[in-house]
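As a plain string of letters, each chain reads:
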Amino acid sequence: MSEKPKLAMYWGAACGGCEISVLNIHEHILTVDEIFDIAFFPCIADFKVHHVESYDDGYIDVCLFNGAIRNSENEEMAHLLRKKSKVLVAFGSCAYEGCIPALSNLTSKEATFNTVYGENASLDNPDGIVPLTEVDVAEGTLTLPEFYHTVKSLDQVVDVDYYLPGCPPESHQIWAVLQVVVAGLLEGAPLPPAGSVVGVTNVAVCEECDRVKNEKNIEKFYRPYQIIPDPEQCLLEQGIVCMGLATNGGCGALCPQVGMGCRGCYGPLPGVEDQGAKMLSAVASVIGAGEVGMEEAELEEKIQAVVDTIADPAGTFYRFSMAHSMLQRAKVNGSNGKGEA
Amino acid sequence: MTKQFEPVIVGFLCNWCSYRAADLAGTARIHYAPNMRPIRVMCSGRVDPQFVLKALREGADGVMIAGCHPGECHYVNGNIKALRRFILLKAMLRQLGVEEERVQLVWASASEGIILAEKVDKMTKAVRALGPLNWNEKVIGGGNGHKVVVAAPVAEEV
Ligand code: FES
């Protein structure tokens with residue numbers, strides 16, 4: 001009997017949802033178990049880093065790496081797994097483009113520490129204890145990974161073969177991609193070109209959404225809690241920021257179908273470098289204020305009033321793609337450590 | 001004596017008004033700051049926010065978008081779309097820590113060579129006072145490049 005191909009899955013800065021999404025392929029997980037030997041998968045099996053270190057280079061056939069690169073441990077593991085894997089997949093939005101962890105690129109490491117260890121309402125830390133990379137105790141020196149200033153996507157630290165977007169990726173897409181990879185490994189079927197985004201439909205989420213779409217002319221934007229959306233009409237037309245038109249499909253438009261604007265987790269459409277800029281452009285063009293013939297000052301004032309109803313544009317448009325965006329992070333000035341100039 | 005900092009300003013000038021204004025400034029031999037590098041676009045409404053971010057990312061210290069006065073756009077309301085995008089972009093750039101003076105939208109008609117020249121002078125001065133932006137080195141820390149990802153469809157759903 002020939003050796004089974006080896007599968008690994010590891011997490012960087014992630015929430016654990018990606019692992020669950022893999023287990024969520026239902027009975028297919030049995031097929032995965034049949035086809036592959038698990039070589040490393042800390043969420044479901046007891047492996048240690050030294051096991052991976054002991055493998056020959058390229059020993060792992062497919063490694064699904066989920067999670068962003070937030071600290072030195074994430075980066076070290078990314079390098080190790082790249083070396084040991086034939087095919088490295090950036091699995092899920094964090095590894096692909098930074099996702100929620102990368103929203104902290106809008107502020108500084110210090111400000112993030114402040115929030116997490118200092119100012120959180122639920123916190124009880126009277127001595128202001130903050131983790132250090134090194135501390136001396138009676139038994140010797142203890143170390144922790146270094147927390148980076150900037151969150152990076154996986155491809156910003158190592159070469160990546162495929163990107164599988166989603167927060168988390170949809171199970172049917174995971175299974176479809178695994179089948180393609182398995183056909184490639186076992187039957188020599190052609191694999192998609194390296195660098196491909198897989199498990200997507202390459203049409204906007206709007207195409208997959210059956211809400212009724214008409215002309216868009218928005219005079220006020222609402223946050224989800226401020227409005228009960230009409231069940232039939234396009235959400236953006238109702239003033240809910242829905243990222244569907246700037247987001248790659250593949251999810252089946254799950255969120256807009258249940259009344260929540262698309263969050264944008266499937267990333268940009270083909271040919272788009274910066275999803276947030278594209279969304280900004282689209283949203284701005286449907287602002288229903290300012291007409292030809294108005295005085296310049298009035299024009300600006302009217303438009304500004306509508307723009308002011310969009311809370312947190314950077315965090316909204318780059319909710320999932322901050323690390324992969326053109327500017328990647330905020331320039332941090334001043335003592336508050338926030339991006340404000 | 002130390003050399004004064006000369007900012008690089010990328011200018012997106014609409015074909016019908018502002019580019020002609022720049023042309024006029026040239027033929028009229030108006031003296032103004034040589035810091036703006038003009039790029040001709042058909043209309044200020046053609047300026048994708050990606051252009052602005054890319055310019056900043058790739059080393060520009062500032063970006064000027066110049067178009068026809070409201071009401072005079074050759075595509076009726078392209079410049080009003082540009083204004084909507086610009087106002088929203090400004091809100092976002094503030095969050096990203098980009099100083100307001102670095103990205104500006106100005107109106108200059110084909111006959112306003114002098115006005116365009118003044119606006120370029122003024123913006124050059126303001127950006128010079130802010131100093132170099134140098135996004136790649138100073139903000140991102142270099143060597144941590146953006147990658148363009150190609151998209152390929154995977155097998156149909158099963
Ligand atoms: S043509 Fe000049 S702004 Fe539209």
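These figures come from a predicted structure and were not determined experimentally.

1. A closer look at the environment of Gly 58 of chain A
Residues and elements named next belong to chain A. On the secondary structure map, Gly 58 appears in the loop between α3 (49-54) and β3 (60-66). Residue classification places Gly 58 among the buried positions, given a relative accessible area of 18%. Taking the C-alpha atoms as reference points, Gly 58 and Lys 6, 52 residues apart in sequence, are found 9.9 Å from one another. If we ignore the near neighbours within four places in the chain, the residues touching Gly 58 are Lys 83, Lys 84, Ser 85 and Lys 86.

2. Structural notes on the interface of chain B and chain A
On the chain A side, the residues contacting the 48 residues of chain B number 66 residues. Both faces combined, the contact of chain B with chain A buries some 4900 Å², and carbon together with sulfur accounts for 65% of it. A salt bridge links Asp 48 of chain B to Lys 278 of chain A; its shortest N-O distance comes to 2.4 Å. Sorting the residues of the side of chain B that touches chain A by element identifies α2 (49-57), α3 (78-95), α5 (135-139) and β5 (150-151) of chain B as the ones contributing at least two each. Among the elements that make up the side of chain B that touches chain A, the one with the highest residue count is α3 of chain B (13 residues).

3. Comments concerning the domain arrangement of chain A
Residues and elements named next belong to chain A. The domain boundaries assigned to chain A delineate domain 1 (6-101 + 150-197), domain 2 (108-149) and domain 3 (205-310). Placing a centre on the C-alpha atoms of domain 1 and another on those of domain 2 gives a separation of 29 Å. Between domain 1 and domain 2, a total of about 650 Å² is buried, with carbon and sulfur atoms accounting for 52% of that surface. At the junction of domain 1 with domain 2, the criterion picks out zero salt bridges. Our count for the contact surface shared by domain 1 and domain 2 stands at three residue pairs in polar contact (both at pLDDT 80 or more). Those elements that provide at least two residues to the side of domain 1 that touches domain 2 are β4 (69-71), α4 (72-84) and β8 (147-152). Residues of the side of domain 1 that touches domain 2, tallied by class, amount to two nonpolar, three polar and three charged.

4. So, the nonpolar core
In this structure, Phe 65, Leu 81, Leu 154, Phe 221 and Phe 317 of chain A together with Leu 56 and Leu 93 of chain B are the most contacted members of the largest nonpolar core, which totals 102 residues. Residue contributions to this core peak at nine residues, all from α3 of chain B. Contact partners of Phe 317 of chain A, with chain neighbours within four places excluded, come to Val 241, Met 243, Gly 276, Met 279, Leu 280, Val 283 and Ile 310 of chain A together with Leu 88 and Met 92 of chain B. Core analysis: the next-biggest nonpolar cluster, separate from the first, contains 23 residues, Leu 7, Ile 25, Phe 41 and Val 89 of chain A among them.

5. Here's the deal with the pairing of strand β7 (residues 140-143) of chain A
All names here are of chain A. In the sheet, strand β6 (residues 134-137) pairs with β7 via four bridges, with the strands oriented antiparallel. Within β7, the position partnered with Asp 136 by the bridge is Thr 141. Linkage of β6 to β7, two consecutive antiparallel strands, is achieved through a turn of two residues.

6. A closer look at the pattern of salt bridges
Summed over all chains, the structure comprises 14 salt bridges over all chains. Of the charged contacts, one joins Lys 6 of chain A and Glu 3 of chain A as a salt bridge, the two residues approaching to 3.1 Å between their closest N and O atoms. The exposure class assigned to Glu 3 of chain A is exposed, which follows from its relative accessible area of 64%. Of the charged contacts in the structure, one is a salt bridge between Glu 100 of chain B and Lys 90 of chain B, with a shortest N-O distance of 3.7 Å.

7. Let's talk about the sheet that holds strand β1 (residues 9-14) of chain B
All names here are of chain B. Read across the sheet, four strands follow the order β2-β1-β3-β4 without closing on themselves; strand pairing throughout is parallel. In this open sheet, the two strands that pair with only one neighbour each are β2 (36-41) and β4 (103-107). Taken pair by pair, the neighbouring strands of this sheet meet at an average axis angle of 20 degrees, ignoring direction. One ladder, built from five bridges, connects strand β3 (residues 62-67) with β4; its direction is parallel. When the sheet's bridge partners are listed, Val 63 is paired in β4 with Val 103. Seen against the sheet, helix α1 (residues 18-27) touches β1, β2 and β3 and runs at an angle of roughly 110 degrees to β1.

Procedures and definitions
Along each chain, numbering runs from 1 in the same order as the chain's sequence is written. All chains are assigned letters beginning with A, and all ligands numbers beginning with 1, in the order in which they are written. In keeping with the predicted nature of the model, local features appear solely for residues at pLDDT of at least 70, side-chain atom pairs appear and are counted solely at 80 or more, and the whole-chain, interface and lining totals rest on all residues. With hydrogens and water set aside, each side-chain value is computed from the structure's full complement of heavy atoms. For helices the rule is a DSSP run of H or I covering at least 4 residues; for strands it is a run of E covering at least 2, with both sets numbered from the N terminus onward. Remark: exposure states derive from per-residue accessible area (1.4 Å probe, protein chains only) relative to the maximum for the residue type, with buried under 20%, exposed over 50%, and partly exposed in between. Throughout, a contact is declared for two residues whenever any of their heavy atoms are within 4.5 Å. Buried area: the accessible area, evaluated with a 1.4 Å probe, that two parts lose upon being put together, summed over both parts. By salt bridge we mean one thing: a side-chain nitrogen of Lys or Arg within 4 Å of a carboxyl oxygen of Asp or Glu. Those domain boundaries reflect an automatic or database domain assignment. In the analysis that follows, any N or O atom pair within 3.5 Å is treated as a polar contact, provided that within protein one partner can donate a hydrogen and the other can accept it, and provided that, for residues neighboring in sequence, both atoms belong to side chains. Ten residues, namely Ala, Val, Leu, Ile, Met, Phe, Trp, Tyr, Cys and Pro, are considered nonpolar, four, namely Asp, Glu, Lys and Arg, are considered charged, and the remaining ones, Gly among them, are considered polar. Put simply, buried Ala, Val, Leu, Ile, Met, Phe, Trp, Tyr and Cys residues joined by side-chain atoms within 4.5 Å make one nonpolar core. In this description, strands pair whenever DSSP reports at least two bridges between them. Simply put, an axis is a line fit to the C-alpha atoms, just over the touching stretch for a helix, and the angle between two N-to-C directions goes from 0 to 180 degrees.

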